[in-house]
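Here are the chains, one letter per residue:
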Amino acid sequence: RSWRRRWFVLRGNILSYYKNVDDPEPAGTIVLKPSSSSVHPASRKIGKPNAFEVITEARVYSLFADNSNEMDDWITHIKRVLNQVDIS
């Protein structure tokens, strides 16, 4: 698998990713839904340190952070969003 650096922004329940840090528009978005999304550490599964997975109905996104603190922060913030979003 070839890895490409992306920059992520979490706003509400939308996780947007950018090819370059200064891109005005995202290359893509991931919609986080409590009923069908999850996030968890995945360093052993992926074979890369600080790796985690964001799982949605559409696909599994394998991501990794620059360090373990950043990984923990991303997982915490995504879990917080998944616990707060109301999709009524």
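Up top is the structure these notes are about.
These lines cover the structure that appears in this document, whether it is placed above or below. (Residues numbered from 1 in each chain as written. Predicted model: local features only at pLDDT ≥ 70, side-chain atom pairs only at ≥ 80, totals over all residues. Heavy atoms only, no water.)

To continue, consider the sheet that holds strand β2 (residues 14-18). Read from one edge of the open sheet, three strands run β1-β2-β3, paired in antiparallel fashion. Across the chains shown, the open sheet's two edge strands, defined by having one partner strand only, are β1 (7-11) and β3 (28-31). Averaged over neighbouring strand pairs, the angle between their axes works out to 20° when direction is ignored. Pairing analysis gives five bridges linking β1 to β2, with the strands arranged antiparallel. Paired with Val 9 across the bridge in β2 is Ser 16. Running over the sheet, helix α2 (residues 68-84) touches β1 and β2 and is turned about 30° from β1. (Pairing = 2+ DSSP bridges. Helix = DSSP H or I, 4+ residues; strand = E, 2+ residues; numbered from the N terminus. Axes fitted to C-alpha atoms, helices over the stretch in contact; angles between N-to-C directions. Contact = heavy atoms within 4.5 Å.)

Moving on, we get to the pairing of strand β5 (residues 51-55). With four of its five residues buried, β5 lies for the most part within the structure. Summarising the sheet, strand β4 (residues 38-41) and β5 pair through four bridges and their orientation is antiparallel. If you follow Pro 41 over to β5, its bridge partner there is Phe 52. Bridging between β5 and strand β6 (residues 60-64) involves five bridges; their strand directions are antiparallel. (Buried < 20%, exposed > 50% of the residue type's maximum accessible area, 1.4 Å probe, protein only.)

Everything listed is a geometric property; what it means functionally is a separate question.
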